[in-house]
Amino acid sequence: MEYRFLGGTGFSVSAISFGCMSLTNSNRKDGMQLLREAVARGINFFDTADLYEKGDNERLVGEALKPMRSKIFLATKAGNQWRADGSGWDWNPRRDYILDCAEKSLKRLQTDYIDLYQLHGGTIEDNIDETIEAFELLKQQGKIRYYGISSIRPNVISEYVKRSSIESVMLQYSLLDRRPEEAVLGLLKEKNKGVLVRGALAQGLLIDKPAREYLDQPAASVQQLQQALREPAGRYPPGQLALQYVLQNPAVTTVVAGVRTAGQLQDLLEALEPVPAAVTERLAAVLPPQKYTQHR
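Report on the accompanying structure. (Residues numbered from 1 in each chain as written. Predicted model: local features only at pLDDT ≥ 70, side-chain atom pairs only at ≥ 80, totals over all residues. Heavy atoms only, no water.)

### Structural notes on helix α3 (residues 95-109)
Here is step 1: With 15 residues, α3 should reach 21 Å at 1.5 Å per residue; the first-to-last C-alpha distance of 21 Å fits that figure.
Here is step 2: Among the residues of α3, Y97, I98, L99, C101, A102, S105, L106, R108 and L109 are the ones counted as buried.
Here is step 3: Packing partners of the buried residues in α3 comprise α2 (56-65), β5 (73-78), β6 (80-82), β8 (114-119) and α4 (128-140).
Here is step 4: Phi turns positive, to about 55°, at Q110, one or two residues after α3. (Helix = DSSP H or I, 4+ residues; strand = E, 2+ residues; numbered from the N terminus. Expected span 1.5 Å × (residues − 1). Buried < 20%, exposed > 50% of the residue type's maximum accessible area, 1.4 Å probe, protein only. Contact = heavy atoms within 4.5 Å.)

### Topic: the side chain of N80
Here is step 1: Secondary-structure assignment places N80 in strand β6.
Here is step 2: Among the polar contacts listed, one links the side chain of N80 to the backbone oxygen of H120, at a separation of 3.1 Å.
Here is step 3: Contact partners of N80, with chain neighbours within four places excluded, come to D50, L51, W89, D90, W91, Y97 and H120. (Polar contact = N/O pair within 3.5 Å; in protein donor to acceptor, adjacent residues only side chain to side chain.)

### Focus: the environment of R282
Here is step 1: With respect to the helices and strands, R282 occurs in helix α10 (residues 277-284).
Here is step 2: By relative accessible area, which is 55% here, R282 ends up exposed.
Here is step 3: With 53 residues separating them in the primary sequence, R282 and L229 have C-alpha atoms 9.8 Å apart.

### Overview of the pairing of strand β12 (residues 254-258)
Here is step 1: Taking burial as the measure, the 5 residues of β12 include 4 buried ones, the bulk of the element.
Here is step 2: Taken together, the 4 bridges between strand β3 (residues 16-19) and β12 define a ladder with parallel strand orientation. In the sheet register, G19 faces β12, and the bridge partner there is G258.
Here is step 3: Looking at chain direction, strand β11 (residues 194-198) and β12 are connected through 2 bridges and run parallel. Across the sheet, L196 pairs through a bridge with T254, a residue of β12. (Pairing = 2+ DSSP bridges.)

What follows is the structure, given as structure tokens:
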């Protein structure tokens, strides 16, 4: 397993991380077994959120990983508040709400501290200083070790980098979504902030899903990239190429990948085998990189 330092935390986390959102209570036993197998195979970063299954995902993760708590880096998120009738959720980055969420997450995760507590979104209209105050207080109290944000908005990311002591940003990045390359990744690398990548496989379009429109890329362009990924067939599986493209960016700390089965876990671990930079550079040349059109 390859490990990389997460920002300025001093912690080394696995280059492939376990995104727990895919695990459900309907298959609880298998999910717990899969989490423990991931630890045995060298994965030490696990990411969940209070939003997932209205907290039940945290409960599953907490129970499964409690016996090996000291060996892992545990991350969760807050900021989305379920409505009383369960019909959906609303954005709430207020100080008191974040503080209350942290207490509940600690109980569900069966832990005394959260390694990385993340704001699960964020807009430029938020009272950012109030949100930062909540995270800093939790840090002072020892309830969290570090904090970060999960956002694809360059203006929000920039404000938190300037005004807070965040250690990481979770963002969407893949061969089909190269927007972070324009302005965000360079900034985060310069400021020594960890980059947690989600969506590296573009909802399966970069491995096995039929081509369709994705973001501003028409289906024909997606298919063109899919064909390019299969050209080195037999030597580098498409998933390995897609993940290595992201991991080869010097700003990236880890790829947070959703895992539901032992087979998927095995595929992810095999994708850690290096790919020559010349190969991924050819893939990057297939389609022009995008730019953020909003939230700049």
